[in-house]
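Each chain, written out:
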Amino acid sequence: MAPRSKSGSSTPKASSKSKTAQTSAITATSQQSRFHSATLDTNNEIDLQDVTIAIGENELLTGVHLRLKQGVRYGLVGRNGSGKSTLLTAVADKLIPGIGAGIRILLLSQVEDSERASKEEQAAGGQGRTVSVLEHVVRGDKERLRATEMVEALTKCLESPSLQQTQLVVHQVQLSQLRLSLVEAQKTASRRSGQRGKDARDEEIRLEKEVKDAEERVTEDEAGNTEPDPEIAKVAMDLLSEAQLTLELLDSATTESRASSILTGLGFTQEMMDSPYSTLSGGWRSRCSLAVSLLVKCDLLLLDEPTNFLDLEAIIWLEHFLSSSPTTAEQTLVLISHDQEFLNNTVEETIVLRHKGLKYFEGTPRAFEIEERKERRRKGRQVEALEKKREHIEKSIQSGMASAKKTGDENRQRMVKSRQKKLDERWGAEVSAKGTRFKLNRDMVGFFNTNRLGVEMEQLESRIRISIPQPSKLRTLGDLIHFENVEYRFPPKRKGGKPGDVFLKGVSFTVDQGGKLALIGANGQGKSTIAKLILGTLQPSSGTITRHPLLTIGYFSQHSVEELSSLPLLSNLSLEDGTRAPTTALSHFVQHFEEKGEKVTEQEARACLGSFGLQGKIASETPLGKLSGGQKVRLALALLVFHPPALLLLDEVTTHVDAPTIESLAKALKNYEGGIILVTHDRYFSRIVVEGSSPRQILAEADDGTPDEDSGSDSSIDEDDSGEGKKPPGQTWRVGAGTIKKMDKGMAQYVGIVERKLEKRRKAEGL
């Protein structure tokens, strides 16, 4: 590995592989020239060649081209575990050598936000006050917070007649600035090698000395051992002007109003904004973390699953904010989301992470999928045509050779040899990648073993297949569940007290055998309460709930994944050395039914887990704690359908699942012959499961409403409608304002209602 040359050196050298930079278990390398645009601090774009990212010995990306253009909204798509989140972390921490030091990068981090909240609460507690939700979000802009504190401290000291106090404050401000510079210098030195690494280390040593000197000055000032500098007031004024300019550039005067607008869009009421941050639940704290990310000004915003814990109204608001807000116009965005409708409505370009590589496409993920399928069909037809042509030429060669031998015709023999030579040396694609006629000197520049390129079909990822066993038909007729004018009140605050307020009223709906129903609406309006009324864990205050006498319910709650994550790390099984074996999907599956008094064989357990894609070592050797969120969802569903229930009640089942798994699960549920009640904000998922659409139909609608040509010839498209006959669409009910209302046009009708509501709000805000 060649050492790096110093930037600006007079002797140019070839590009060299950078020193490996790492944090925790993530390692990243890139090929970088000192003349490369990515090394300039003034450039807000990232354009790096030969990027490799690994965790330990496991390479997630190998020799890829990482390109992020300024002002473009990217959607990063790929399977769970392929390295999407790791890539964002490596970019955010600037672990990849070559990312400009001047690029302001912000990664949505709920962990960091929670740590900051704890410090704020401790500081506020010492002052006898609490930190409100709005204050917490506003204080999340660290650059603005530092500049504000600097302005307050310098203004106060300049108003003081004591030059000694002014000097102390100035030295404290300078020390704070030097410490920040030192932290950045340490990060830079850890990422560079060669001559540039030596220069960065020299800068780090210089700043360490300056910090030490500054600390000594502050200590001496605090002890009163120094004489004030006569020019200290001028230094203070210069620092004050610098801080005020920073606040002006950050548009500090509008920060609180912008924060309030963002929180409103994410579903916070004014009362919630004014309430203490410490009273918020985990889901609302996640929204606060997202609000901070949207508030802080940066050059590159990285959002990893921002729609988790958001209801559909907040999701649609976020779509508009990211795609049309003036504050995000010049900002580069990289977005990871399992919500396909959200992703397709927000991004402009797509980055596909597949087979340890990155593929770029100018368009949405749905447009990429459409184009990829069309391209595979085109290439499939090319291969088929070439095979037919080859077969025809081989037959003509055989017949020509036989005829030439029989007649002794030398011209025919030469013609046959010419054809054979063409078949051996110049056989392959007859059109270029651009669709033009193939030309050797234009389309095959470089060294090749043949004079023609073959038709290359990109290897697809293995299909995710989910198979759900069908329930037995109930022996008697009748609806699975029927609500008739149900009302639910909150329980009294104390025993024997007055009944609580009415939460739901006038709830009436029916789910027949094999029927499908979706409950949609904003969070906190009663969807989960209706689910508990269905289960019987809550009782109605009035009205009737009629259940089929043979009804069995399989319930997937919002907390099913968290419950699996909290299980003991060790199972009841023992290894050969006498130690307890770790809890795996297989051991938990068997133990789960043992606790219910049912003996399940390993073969039966593996068959059920395998139908959800949990096979082999993943099921039997991977500890439960190391399974991804999507794999835990599959395990929870496998436990539910081992004995297929007459009714599946699924509450936010898609939260931890990637897009390919969502599609496979949706198709399996669509063909489920039992009843399904779905609580969801996922428009794509609801359209397939409840409304009866197919992925093929949704793609055709996105592609100008026209189905793809020869759609049946593409093996990558499943038999989406494999169920017997066309089933009627299910019901969609909106829960809100204390009751439910049927959406006759399905999810699209509710989306229209939300769109109109948000449009009125934007007009009221003057946006």
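Residues numbered from 1 in each chain as written. Predicted model: local features only at pLDDT ≥ 70, side-chain atom pairs only at ≥ 80, totals over all residues. Heavy atoms only, no water.

Draft legend 1. Molecular detail of the overall build of the chain. Summing up its helical and strand segments, the chain has 25 helices and 22 strands in all. Counting all 767 residues of the chain, 46% fall into the buried class. If you take every contact in the chain between residues at least 6 apart in sequence, the share linking residues at least 24 apart comes to 68%. For the chain, the accessible area works out to roughly 39600 Å², and carbon and sulfur atoms hold 50% of it. (Helix = DSSP H or I, 4+ residues; strand = E, 2+ residues; numbered from the N terminus. Buried < 20%, exposed > 50% of the residue type's maximum accessible area, 1.4 Å probe, protein only. Contact = heavy atoms within 4.5 Å. Areas by Shrake-Rupley, 256 points an atom, 1.4 Å probe, with all protein chains shown as cover.)

Draft legend 2. Geometry of the environment of Glu 604. Tracing the sequence through the fold places Glu 604 in helix α19 (residues 602–610). Between the C-alpha atom of Glu 604 and that of Phe 642, which follows or precedes it by 38 residues, the distance is 9.1 Å. Those residues within four positions of Glu 604 in sequence are excluded, and the remaining contacts are Lys 599 and Phe 642.

Draft legend 3. Expanded view of helix α16 (residues 527–535). Among the residues of α16, those classed as buried are Lys 527, Thr 529, Ile 530, Ala 531, Leu 533 and Ile 534. Positive backbone phi, approximately 95°, marks Gly 536, located one or two places after α16.

Draft legend 4. Region of interest: the pattern of salt bridges. Tallying each qualifying case throughout the model produces 24 salt bridges. With a shortest N-O distance of 3.3 Å, Glu 313 and Arg 761 are connected by a salt bridge. Here Glu 313, found in helix α11 (residues 312–324), pairs with Arg 761, found in helix α25 (residues 747–764); they are 448 residues apart in sequence, far enough to count as distant. Accessibility classification places Glu 313 together with Arg 761 in one group, the buried group. Because the salt bridges share partners, they merge into one network encompassing Arg 201, Glu 204 and Glu 208. (Salt bridge = Lys/Arg side-chain N within 4 Å of Asp/Glu carboxyl O.)

Draft legend 5. Spatial organisation of the packing of helix α5 (residues 163–191) against helix α7 (residues 232–249). Following both chains from N to C, one finds α5 and α7 inclined at 45°, their axes separated by 9 Å at the closest point. With respect to α7, the element α5 is oriented oblique. In the crossing of α5 with α7, the sense of the turn from one axis to the other is left-handed. On α7, the residues touching Leu 163, Thr 166, Gln 167, Val 170, Val 173, Gln 174 and Gln 177 of α5 are Ile 232, Val 235, Ala 236, Leu 239 and Glu 242. (Axes fitted to C-alpha atoms, helices over the stretch in contact; angles between N-to-C directions. Parallel < 35°, antiparallel > 145°, perpendicular 65-115°, else oblique. Left-handed = near helix turned anticlockwise from the far one by under 90°.)

Draft legend 6. A look at the packing of aromatic side chains. Applying the stated rule across the entire model yields 10 aromatic pairs. Summarising the aromatic geometry, the rings of Phe 361 and Phe 368 are spaced 5.5 Å apart at their centres and angled 65° between planes, so their arrangement reads as edge-to-face. There is no split in this pair, since Phe 361 and Phe 368 are both buried. Note on Phe 483 and Phe 509: the rings are 4.6 Å apart at their centroids and 15° apart in plane angle, and the pair reads as stacked. Taken together, the positions of Phe 483 in strand β12 (residues 481–489) and Phe 509 in strand β13 (residues 502–511) put the pair 26 residues apart, joining distant regions of the chain. (Phe/Tyr/Trp six-rings, centres within 6.5 Å; stacked < 30°, edge-to-face > 60°.)

Draft legend 7. Geometry of the sheet that holds strand β16 (residues 553–556). Pairing is mixed across the open sheet formed by 6 strands, whose spatial order is β16-β19-β20-β14-β21-β22. Each having just a single partner strand, β16 and β22 (739–742) make up the two edges of the open sheet. Across the sheet, the axes of successive neighbouring strands diverge by a mean angle of 20°, strand direction being ignored. As judged from the 5 bridges shared by strand β19 (residues 647–651) and strand β20 (residues 675–679), these two strands associate in the parallel manner. Residue pairing for β20: Leu 649 is matched across the bridge by Ile 677. (Pairing = 2+ DSSP bridges.)

Draft legend 8. Focus on the sheet that holds β13. Sheet architecture is open: 3 strands sit in the order β13-β12-β15, paired in antiparallel fashion. Two strands bound the open sheet, and with one partner strand each, they are β13 and β15 (542–547). Each strand of the sheet is rotated relative to its neighbour by a mean of 15°, with strand direction disregarded. Of the pairings in the sheet, the one linking β12 to β13 comprises 6 bridges and is antiparallel in character. By the bridge assignment, Arg 489 is partnered in β13 with Val 502. Strands β12, β13 and β15 of the sheet are contacted by α16, whose axis makes an angle of about 120° with β12.

Draft legend 9. Region of the structure containing the side chain of Thr 226. Residue position: Thr 226 is located in the loop between α6 (194–223) and α7. Polar contacts involving the side chain of Thr 226 include one to the side chain of Gln 167, which spans 3.3 Å. In terms of polar contacts, Thr 226 uses its side chain to reach the side chain of Asp 221, at 2.7 Å. (Polar contact = N/O pair within 3.5 Å; in protein donor to acceptor, adjacent residues only side chain to side chain.)

Draft legend 10. Examining the confidence of the model for the chain more closely. When pLDDT is averaged along the chain, the result is 82; 83% of the residues meet or exceed 70. The least confident element of the chain, judged by mean pLDDT, is strand β1 (residues 16–17) at 40; the most confident is strand β14 (residues 516–520) at 96. Contacts from residues 1–24, a stretch scored under 50 in pLDDT, to residues over four places away or in other chains number 65 contacts. Across residues 706–724, confidence stays below pLDDT 50; counting only partners more than four residues off in sequence or on other chains, it has 37 contacts. (pLDDT = per-residue confidence, 0-100.)

Draft legend 11. Structural context of helix α22 (residues 659–670). Taking 1.5 Å as the rise per residue, α22 with 12 residues should run 16 Å; its terminal C-alpha atoms sit 16 Å apart, in good agreement. With 10 of its 12 residues buried, α22 lies for the most part within the structure. Looking at α22, one finds that the buried residues are Thr 661, Ile 662, Glu 663, Ser 664, Leu 665, Ala 666, Lys 667, Ala 668, Leu 669 and Lys 670. (Expected span 1.5 Å × (residues − 1).)

Draft legend 12. Fine view of the pairing of β20. In terms of burial, β20 is largely enclosed, as 5 of its 5 residues are buried. Side chains Gly 675, Ile 677 and Val 679 of β20 all project onto a buried face; the interleaved residues Ile 676 and Leu 678 project onto the opposite face, where all are buried too. In this structure, β14 lies alongside β20, joined through 4 bridges in parallel fashion. Looking at β20, one finds that Lys 516 is bridged to Ile 676. Crossover connection from β19 via α22 to parallel β20: handedness right-handed. (Right-handed = clockwise from strand over helix to strand, strands pointing away.)

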